[in-house]
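# Survey of secondary and tertiary structure
Residues per chain are reported as follows:
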Amino acid sequence: RFLLDRMGEQRVLRIRKESKIRFGEVLVDYPFQKNIHQLPREDFLECLVDLFSRDPKPAANFREMLYAKFGRGIAEKFLVPYNEKLYATDLSTLDVDAMGRFFPHANVEEIVRNFRNPENETYNATFTYPEGGAIQYVHAIASEVDSARIALSEPVVRIDPRRKVAVTPKREIAYEHLVSSAPFPRLLALTGLPHDPSLYSSNKVEVWNLGFDRKGPTDLHWLYFPDPSIRFYRVGFYDNIFGSDRMSLYVEIGRRD
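Residues numbered from 1 in each chain as written. Predicted model: local features only at pLDDT ≥ 70, side-chain atom pairs only at ≥ 80, totals over all residues. Heavy atoms only, no water.

## Remarks on the side chain of Gln 136
With respect to the element layout, Gln 136 can be found in helix α4 (residues 135-142). The class for Gln 136 is buried, based on a relative accessible area of 18%. Contacts of Gln 136, omitting those with residues within four sequence positions, involve Met 7, Gln 10 and Pro 130. (Helix = DSSP H or I, 4+ residues; strand = E, 2+ residues; numbered from the N terminus. Buried < 20%, exposed > 50% of the residue type's maximum accessible area, 1.4 Å probe, protein only. Contact = heavy atoms within 4.5 Å.)

## Brief notes about the layout of surface pockets
Taken as a whole, the largest pocket encloses approximately 820 Å³ of empty space. Considering the residues around the largest pocket, the lining is formed by 22 residues, among which Arg 149, Ala 151, Val 156, Ile 173 and Leu 178 are closest to the centre. Listing elements by their share of the lining of the largest pocket, those giving two or more residues are β7 (172-174) and α5 (184-191). Ranked by residue count, the leading element in the lining of the largest pocket is α5, at 3 residues. Tallied by class, residues from the lining of the largest pocket come to 15 nonpolar, 3 polar and 4 charged. In this structure, the second largest pocket spans a volume of roughly 300 Å³. Lining the second largest pocket are 22 residues, with Tyr 82, Leu 86, Met 99, Phe 102 and Arg 234 positioned closest to its centre. (1 Å grid on protein atoms, 1.4 Å probe; cavity = no way out; pocket = protein on both sides within 12 Å on 5 of 7 lines; lining within 4 Å. Points joined across faces, edges and corners; volume = space filled by probe spheres on them. Nonpolar A, V, L, I, M, F, W, Y, C, P; charged D, E, K, R; others polar.)

## Notes on the nonpolar core
Core analysis: the biggest nonpolar cluster contains 33 residues, and Phe 32 and Leu 66 have the highest contact counts within it. Listing elements by their share of this core, those giving two or more residues are β2 (19-23), α1 (41-52), α2 (62-87), α3 (108-113) and β9 (222-224). No other element matches α2, which puts 12 residues into this core. Setting aside its immediate chain neighbours within four residues, Leu 66 contacts Gly 71, Ala 75, Leu 79, Val 80, Leu 91 and Phe 103. Formed by 8 residues, the second largest nonpolar core is a distinct cluster that contains Leu 223, Phe 225, Leu 249 and Val 251. (Core = buried A, V, L, I, M, F, W, Y, C linked by side-chain atoms within 4.5 Å.)

## Re α5
Where α5 is concerned, the buried positions are Leu 187, Leu 188, Leu 190 and Thr 191. Viewed end-on, α5 has its buried residues packed into an arc of 160°, placing them on one side of the element. Turning to α5, the residues buried within the fold contact β5 (158-160). (Arc of directions from axis to C-beta.)

## A look at unusual backbone geometry
Across the junction of Tyr 30 and Pro 31, the peptide omega takes the value 5°, indicating a cis bond. With respect to the element layout, Pro 31 can be found in the loop between β3 (26-29) and α1. One non-glycine residue, Ser 153, adopts positive backbone phi at about 55°.

## As for the pattern of salt bridges
Using the criterion set out here, one finds 19 salt bridges in the structure. The closest approach of N and O atoms between Arg 11 and Glu 131, which form a salt bridge, is 3.5 Å. One end of the pair, Arg 11, is in the segment before β1 (12-16); the other, Glu 131, is in the loop between β4 (126-130) and α4, and 120 residues separate them in sequence. For Arg 11, a relative accessible area of 42% translates into the label partly exposed. (Salt bridge = Lys/Arg side-chain N within 4 Å of Asp/Glu carboxyl O.)

## Examining the side chain of Asp 160
On the secondary structure map, Asp 160 appears in strand β5. Judged by its relative accessible area of 14%, Asp 160 falls in the buried class. In this structure the side chain of Asp 160 is engaged in a polar contact, spanning 3.0 Å, whose partner is the backbone nitrogen of Arg 162. Asp 160 has contacts with Val 165 and Tyr 175, leaving out every residue within four places of it along the chain. (Polar contact = N/O pair within 3.5 Å; in protein donor to acceptor, adjacent residues only side chain to side chain.)

## A look at the sheet that holds strand β6 (residues 165-167)
Strands sit in the order β5-β6-β7 across an open sheet of 3 strands; the sheet is antiparallel. For this open sheet the edge positions go to β5 and β7, each flanked by a neighbour on one side alone. Geometrically, the sheet is characterised by an average inter-axis angle of 20° between neighbouring strands, direction not taken into account. Relative to β6, β5 runs antiparallel, the two being bridged by 3 bridges. In the strand pairing of β6, Arg 158 is matched with Val 167. (Pairing = 2+ DSSP bridges. Axes fitted to C-alpha atoms, helices over the stretch in contact; angles between N-to-C directions.)

## Description of the pairing of strand β10 (residues 234-237)
Burial along β10 is two-sided: the residues Arg 234 and Gly 236 and Val 235 and Phe 237 are all buried. Here β9 pairs with β10 via 3 bridges, running antiparallel. Bridging from a neighbouring strand, Tyr 224 pairs with Arg 234 of β10.

Now the structure itself:
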């Protein structure tokens, strides 16, 4: 509400997200683990049997958690290959709760109940989108800040946490609270605090924005691709937010930093 109140008279849509998974030749509703009944029969039975025969032992990492909670079938058909493409890493190197609230957990009862009564709500089942694009969220926040206090093209080159000062090539800036979007090892390096850089790893998301002279699918916002032979992991359709008559999409690829 805070943001929308600061976007002027432009049109802002509230959208119910439509997400699918490309599994072979079929489309399956997202999240995969709650819609295994939509898979081809043999794949469905494999996932179902493995779900009930899984070993729910305590997991030491993210990969083990997937097998313990969902069984081999669900893990290997979607959760492991998809997330390995997303994070561009071996999932056994990630913490059990690496995805936090963004991972759509589901227990056995919820999965079975979904066979008859679909309920596929995830962390952003609905979203708002302004006509001027996502940059309008930035403009809305900036409208409450004195423009003289917004510094662009002025990188932080050093941080003194004891004095609570950030240093740029032009000046020193005293702060009360510091919120950083820099990679954690980079932030530690700026502070000069002792740390071991080898303890940290990260990935990047490479995004390709593509436009076409005709319309594509009309009922999709996100399409997931778990197939390891396909380099990208997700495609999003900008044009289906405002219902434009030409397809514009973004293709996401996970890369090691």
